[in-house]
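Architecture and fold: a report
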Amino acid sequence: MALDEESPLVDHQIQAENQTVNHGRDIHILSWAFLLIFLAYGAAQNLQSTLNTDGDLGTISLGILYTSFTVSSLFASSVVRKLGSKNALLLGTTGYWLYIAANLKPSWYTMVPASLYLGFAAAILWVGEGTYLTATARSQANDHKLHEGTVIGHFNGEFWGIFASHQLVGNLLTLALLKDGAGSTSGTTLLFTVFLGSMTLGTVLMSFLKKRDGEETEGDRDSSPGLYTLLASLWNQIITPLCDVRMLLIVPLIAFSGLQQAFVWAEFTKYYVQPSLGESGVGGAMAVYGVFDAICSLAAGRFTSGLTSITLIVSGGAFLQGGILIWLLNYSEPTDGVLRVVYPLLIAAVWGIGDGVLMTQLNALLAMLFKHNMEGTFAQLKLWQSASIAVVFFLSPYISLQTMLFLMLAALVLSLVGFLFLVLKVEKVFSNHVS
């Protein structure tokens, strides 16, 4: 900033540059940083039930992780508001790095503490991501006189499109480095070492992000709030949003978005992919899932401009996933060799499309509807998503596949009804918010 004082000419030049700055640069950085971090974590998560089988360490550690994630989401918004979204993003990456490092020496003494800390770090990271992306989109819309809803949709589409490709890249890396199977110690060590390197690069890249909200939180950071202030902040960030009927109507859709992700990780690969394609086919099916997730995220983001487009896209995705769930309820493994390969890959592709729809549209919808409490809004998103993911991991061993499918179908119907009711009842309020 000291350079501004050199001459009036320089001052006018800098002001002109600031007025026309392209904030899309920060979305590019954010998207690629998340790709580098999550290609490692996503692949590691897919391997937990295969690698860490002693006492179901892998599955239980994931249940612990998402339970910690759920609890941490209760106060994540206060932490993000205190730190600022960029600093929260950097802090959040440390939990993922520690979790991957723990997988180099997996035991109850390494995986459980790492999972607990990652739950906290993940809540901070994802609330920071939603806050940062929305603030960046608003800056872009204001500086370039663009329609805010369209910019939010485009930025979410780019982020989730690049992010979703982590399934493709991470699983291809796994296939390449675990040629001798998941039981190879040398291959596993090399894989997780490469993952650590990828995460480190992602964190370094994230440090180049511009700060977005420092001027709003500077005063808060200098103060040392007491217990009453902390409790009041927790109430405002978590409880107050639930007093808004719009949030209550969106919560079932948020919860279903977590259920459908956990179903793919915990049930689909186990009951549909592995019997048809074998252990090595799991990585291929998840790669297909990631490709279609990425393509759909980019496309859905481009078509998002307001509540009407969100309604059409979400409804289309819901009908696709509903059709797949009904098919899975009546699914029998094909005897034909080609269909044994095609069916699981086709289901993975359609499920990837559904996930791409939900991730882009939910984030865009929340950013448009709840402008004045971004941290609290995105804390709600991660709270209900992580809680529903934890439910699937803990319930999976105790209920049948058919029961899980019926629960998924019921959750989808409930979430779609709630969402459509929101559209019918709150469209005028929404129009006032984005006009």
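Residues numbered from 1 in each chain as written. Predicted model: local features only at pLDDT ≥ 70, side-chain atom pairs only at ≥ 80, totals over all residues. Heavy atoms only, no water.

As named in an unreviewed UniProt entry, the protein is Ion channel regulatory protein, UNC-93, taken from Helianthus annuus. Regarding the protein, the UniProt comment filed under Subcellular location (unreviewed entry) reads as follows: "Membrane". (UniProt positions renumbered as here; feature names shortened; annotations may be inferred.)

This part is about the overall build of the protein. The number of helices and strands found in the protein is 16 helices and zero strands. Buried residues in the protein amount to 54% of all 435 residues. Intrachain contacts of the protein at a sequence separation of at least 6 include 85% that bridge at least 24 residues. (Helix = DSSP H or I, 4+ residues; strand = E, 2+ residues; numbered from the N terminus. Buried < 20%, exposed > 50% of the residue type's maximum accessible area, 1.4 Å probe, protein only. Contact = heavy atoms within 4.5 Å.)

Once that is clear, we can look at the environment of V291. Relative to the helices and strands, V291 is located in helix α12 (residues 279–303). Its relative accessible area of 29% is what places V291 among the partly exposed residues. Spatially, the C-alpha atom of V291 lies 9.8 Å from that of I162, the residues being 129 residues apart in sequence.

Before going further, it helps to spend a moment on a nonpolar patch on the surface. A cluster of nonpolar side chains, V338, L339, V341, V342 and L346, forms an exposed patch at the surface whose accessible area comes to about 370 Å². Checked against the element boundaries, V338 lands in helix α14 (residues 337–369). (Patch = residues over 30% accessible without salt bridge, like charges linked within 9 Å, V, L, I, M, F, W, Y side chains within 5 Å. Areas by Shrake-Rupley, 256 points an atom, 1.4 Å probe, with all protein chains shown as cover. Salt bridge = Lys/Arg side-chain N within 4 Å of Asp/Glu carboxyl O.)

The subject of this paragraph is the packing of aromatic side chains. Considering all chains together, one arrives at 26 aromatic pairs under this definition. The interplanar angle of 40 degrees and the centroid separation of 5.7 Å between the aromatic rings of F263 and W351 together place this pair among those described as tilted. With F263 in helix α11 (residues 245–277) and W351 in helix α14, this pair connects stretches of sequence that are 88 residues apart. Residue F263 shares its accessibility class with W351, and that shared class is buried. Relative to Y343, the ring of W327 lies with its centre 5.2 Å away and its plane at 80 degrees, an arrangement referred to as edge-to-face. Taken together, the residues span a long stretch of sequence, with W327 in helix α13 (residues 307–329) and Y343 in helix α14 at a distance of 16 residues. Taking the relative accessible area as the measure of exposure, Y343 reaches 26% and is therefore partly exposed. What links up through ring pairs into an aromatic cluster is the set F34, F38, Y41, Y96, Y99, W126, F159, W160 and F163. The ring centre of W126 lies 4.6 Å from the NZ or CZ of K382, which sits over that ring. (Phe/Tyr/Trp six-rings, centres within 6.5 Å; stacked < 30°, edge-to-face > 60°. Lys NZ or Arg CZ within 6 Å of the ring centre and 35° of its normal.)

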